[in-house]
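# Summary of the model geometry
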Amino acid sequence: MTNLELGFWSFPVLLLMIFLRAPIGLAMLLCGFGGWYFAMGGNPTPLLAKLKSETYTTFSSYSLSIIPMFLLMGQFATLSGMSTALFKAAESFLGHRRGGVAMAAVGACAGFGAICGSSLATAATMSKVALPELRRYGYSGGFSTATLAAGGTLGILIPPSVILVIYAILTEQNIAKLFLAAFIPGILAALGYIITISIYVRLNPNSAGTRPAVPMGERFKALANTWPVLVIFVVVVGGIYLGWFTPTEGSAIGAAGTGLAALLSGSLNWSLLRESLLGTAKTTGMIFFIVLGAGFYNGFLALSGVPQFMSDWVVGQGYSPWLVLTIILVFYLIFGCLMDSLSMILLTVPIFFPVISAMDFGMSTEHVAIWFGILVLIVVEVGLITPPVGMNLFIINSMDRETPMTETYKAVMYFVGSDIVRVIILVMFPAITLFLLPG
Amino acid sequence: MHRLIQFLARFTAVIGGLVLVVLILMTTLSIIGRTANKVLHNEFFQTQLNGLSQALLDLGIGEINGNYELLEAGIAFAIFSFLPICQFYGAHASVDIFTSVLSRRANRWIAAFWELILTAVIILIVWRLFEGMQRYIGNGETTLFLQFPVWWAYAASFAAGIISCIVAAYCAVVRVIEAATDANILPSEQGAH
Amino acid sequence: QDVTLRMHQFLPPQANVPKQVLDVWADKVQADSGDRIKVERYPSMQLGGKPPELMDQAIDGVADIVWTVVGYTPGRYPSTEVFELPFMVNDARAASSAYWQMFEKHMKDGEFKDVHILGTWVHGPGLLHTNKEVRTPADMQGLKIRGGSRLVNQLLETTGATPVGMPVPAIPEGLSKGVIDGTTIPWEVTPALKVSELVKNHTEFTGSALYTLTFVLAMNKDKYESLPDDLKKVIDDNSGHEFSVFAGGTQADADGPAREIAVGLNNNIVTLSDAETQVWRDAAQPIYASWIADMDSKGIDGQALIDEARGLMDAYGK
Ligand code: NA
Ligand code: NA
């Protein structure tokens, strides 16, 4: 078997292992091990040698250390009461409208997304605050959980974003520029969800109750309480963009700042700190194990020549770049129903990115890379809320045991629809994504 | 035994988490120092407050030397420290949609099977990490700025790796027992991010 | 073909060294072997790992051939640092020639005994690119400069500058955002990093360069030994002294066009006279002293290496 054949055979083997419930990082690691072993003609020495240092160097990555820092930042932000303050502010402005409490939940998710790099953390945190309120004002179960699951994806769509960091590292793009490019699409996502909510309550009038408006003075008072969120977002994302510090340094400042806010709010005791650290530890360990597996597997794929072959083949077919892009995005949407977003990015970007880079979209290669990154980010995040396997759906449903999963599935399709409309718009008008980028 | 392993996994994760906190503080202080250093060097301070700014600069106000290297060594230790708790709580991401059609018992055996493989892989990784450390002990390689021997960082990660092996081995045995007796002993969180 | 050699390195394929040195070498080896050898090229660390691991990848056979910066593994190949000392090297060809001769004499069966070295060279003169004019070591006071190597960082500290560690690709952003005030780098690398657009001052030295980095092209020993004699000969004929001088010279020749970019932008290129450079050489003396002491502690006669390197570089081309 040639190395190229070996590379192609590894795909079905990998998928089989994953569908047989192998931990995803383990499945990639095993395929990587096997690939290196067979590609070296059955000689285990190079593989064993690689293992001497590659685990350590993967884990000791300066750029990847941004991930545990952003995760801890999200934990501290919850402890410091920022999630509550955000929801209260949004709710005081929007709560009296039809579907207003749900809109407020989306708004608060967007705000929290600005200081949290993870979708699940955003979904879980905002659910703690917003679910009881939604139910109190008579919002139906499925509608409430679907709103929060969709809102949670704003945690990654609005910078900072763990997935964008991984994409930036895989494709050697500038993290700061990717964050900047994600900004308008992130805002559009929030607006899209709010429009979706207003459509939903018109079509399902019994799904939401109403409540009287809050006086203006109180609204602004509630808004004023969200200032720490604003300060941290401006310092972290602004500072990264303006180059006051590297993205990793920015994440450290963000974590230190939210930690300080949690300390000052008086809610940071030892046992809560310990739980924050343990929560960060579990997610970080899981992410890095996948990153490790992907590193080995992608190294083997490069060795096999599959990415080069694929990109040459697609270019050779003379398909229109837009058709290729559409096929790739649809592929992500379908696979997103089954897989988690990080593994999808790590598995597919090394293969798809060379294909897209080789095509002419009438833009500079850097702009194509950034634009494609944002599109991929959005479609893999849709995977978090598409049935049957949608991590955000699971998380929220586990926090609201009274609502059957099927109710959540039904309501969330409206939000998936909004996501698809947004992807189409962003594909058709790359300028929306690239608008904030310099030159 | 169960309590002991649970304690070990959580304790290791908390130590790693505290190292993460220290790295966050170090990085933040380094940026503050760098900014202060820049301010003290600007025209106003250099001409009007020369004595003061020079005194502060002489105190060594500035970027923490080699913070980049300390961050890399520290974060590797932290990540290795986070593996045991992932193992213990079954927090590794997996896709269970296709196996959900099978019986609960079959799923338990599947889980036990992968846990065994995972344990073998973790032991392999940590064994190779040890070999990597041995190599660096022998060859005198140091870091660029602080010039501390590279093997120190490997040794710290290896220590955490040993705990991973212990916890992984325990979890593998317990998952097999769970499958054999159809009982719940370990948590299964199946995390994602 | 009979033999496939996997060549792994850290730069993208279109960069100077991969394109003008490594590809040329690989194509020549393929042609000379009558296509019995195929060199597969893996740029940008595609096979995994980080650049400091390249040397071990060649030793262990993860890759068959690697190109790497020796300084990525500080402390492992101390003798090569003689060419990285500040104000040691003047001409890349002379230094690459001396480097190969000293490699054969002192390092082949010592520091590099685990690997088969195909070439040893240095890049063209390293210089300073800064956001304010620098003429004397005193001008460096308080500047944050990205240094190229362990010894350059020491020199920067001696002058009162702050050495900043950052990977080469991070330099443009560091310069444009003021995270660093300048960088040390040879001219050749400046176009890719847009250095001349980002800073307006360049300080060149006369008689000897601020610094150089040492490179090696290294092959897995077993892989080399496993080749049949005629293919070994193809590798041998394309390796060694001549190739080293070619590689160093090619890198240095790329300096000229890159410098023209800065000239075209009307940048302030300060070329210090021999006397002005002498002030810098004097400032660098403590680094020589500490390096020699450091080498002594490793049982290597540092002064002898310095003298030998100087002698060989002076003799080059005469
Ligand atoms: Na975010
Ligand atoms: Na999904």
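Residues numbered from 1 in each chain as written. Chains lettered and ligands numbered in written order. Predicted model: local features only at pLDDT ≥ 70, side-chain atom pairs only at ≥ 80, totals over all residues. Heavy atoms only, no water.

Naming follows an unreviewed UniProt entry, where chain B appears as TRAP transporter small permease protein of Sulfitobacter marinus. In its Subunit (unreviewed entry) section, the UniProt entry covering chain B states "The complex comprises the extracytoplasmic solute receptor protein and the two transmembrane proteins." Under the UniProt heading Function (unreviewed entry), the entry covering chain B gives this text: "Part of the tripartite ATP-independent periplasmic (TRAP) transport system." (UniProt positions renumbered as here; feature names shortened; annotations may be inferred.)

Looking up chain A in an unreviewed UniProt entry gives the name TRAP transporter large permease protein, with the organism given as Sulfitobacter marinus. Recorded in UniProt under Function (unreviewed entry), the annotation for chain A is "Part of the tripartite ATP-independent periplasmic (TRAP) transport system." Listed under Subcellular location (unreviewed entry) in UniProt, the entry text for chain A is "Cell inner membrane".

## Section: the sheet that holds strand S1 (residues 3-8) of chain C
Residues and elements named next belong to chain C. Spatially, S2-S1-S3-S10-S4 is the arrangement adopted by the five strands of the open sheet, whose pairing is mixed. Where the open sheet ends on each side, the last strands, each with one partner, are strand S2 (37-42) and strand S4 (115-122). Within the sheet, the average angular offset between the axes of one strand and its neighbour, ignoring direction, is 20°. Relative to strand S10 (residues 214-220), strand S3 (residues 65-69) runs antiparallel, the two sharing five bridges. (Pairing = 2+ DSSP bridges. Helix = DSSP H or I, 4+ residues; strand = E, 2+ residues; numbered from the N terminus. Axes fitted to C-alpha atoms, helices over the stretch in contact; angles between N-to-C directions.)

## Remarks on the packing of aromatic side chains
As enumerated under the stated definition, the model contains 45 aromatic pairs over all chains in all. Ring centres of Phe19 of chain A and Phe98 of chain B lie 4.3 Å apart, and the angle between their planes is 40°; this geometry places the pair in the tilted category. With one member in each of two chains, Phe19 of chain A in helix H1 (residues 3-19) and Phe98 of chain B in the loop between helix H4 (67-88) and helix H5 (104-139) form a pair that bridges those chains. One aromatic cluster is present, built from ring pairs that chain together Phe10, Trp25, Trp67, Tyr72, Trp121, Phe215, Phe243 and Phe246 of chain C. Positioned over the ring face of Tyr137 of chain A is Arg211 of chain A, at 5.8 Å from the centre of the ring. Its guanidinium or amino end placed over the ring of Trp127 of chain B, Arg128 of chain B lies 4.4 Å from that ring's centre, counting from NZ or CZ. (Phe/Tyr/Trp six-rings, centres within 6.5 Å; stacked < 30°, edge-to-face > 60°. Lys NZ or Arg CZ within 6 Å of the ring centre and 35° of its normal.)

## Some details on unusual backbone geometry
Omega for the peptide link from Pro159 of chain A to Pro160 of chain A comes to 0°, which places this bond in the cis form. The topology assignment puts Pro160 of chain A in the loop between helix H8 (141-157) and helix H9 (162-171). Although it is not a glycine, Glu172 of chain A sits at a positive phi angle of roughly 55°. Structurally, Glu172 of chain A is set in the loop between H9 and helix H10 (175-203). One non-glycine residue, Phe87 of chain C, adopts positive backbone phi at about 60°. Within the fold, Phe87 of chain C resides in the loop between S3 and helix H3 (92-107). Assessed through its relative accessible area of 4%, Phe87 of chain C is described here as buried. (Buried < 20%, exposed > 50% of the residue type's maximum accessible area, 1.4 Å probe, protein only.)

## A word on the pattern of salt bridges
Summed over all chains, the structure comprises 39 salt bridges over all chains. Here Arg150 of chain C makes a salt bridge to Asp294 of chain C, at a shortest N to O gap of 3.7 Å. With Arg150 of chain C in helix H4 (residues 150-158) and Asp294 of chain C in helix H12 (residues 274-297), this pair connects stretches of sequence that are 144 residues apart. Judged by relative accessible area, Asp294 of chain C falls into the partly exposed class, the value being 24%. Bridged by salt links that share partners, the residues Arg135 and Glu141 of chain B together with Asp56, Asp60 and Arg76 of chain C form one connected network. (Salt bridge = Lys/Arg side-chain N within 4 Å of Asp/Glu carboxyl O.)

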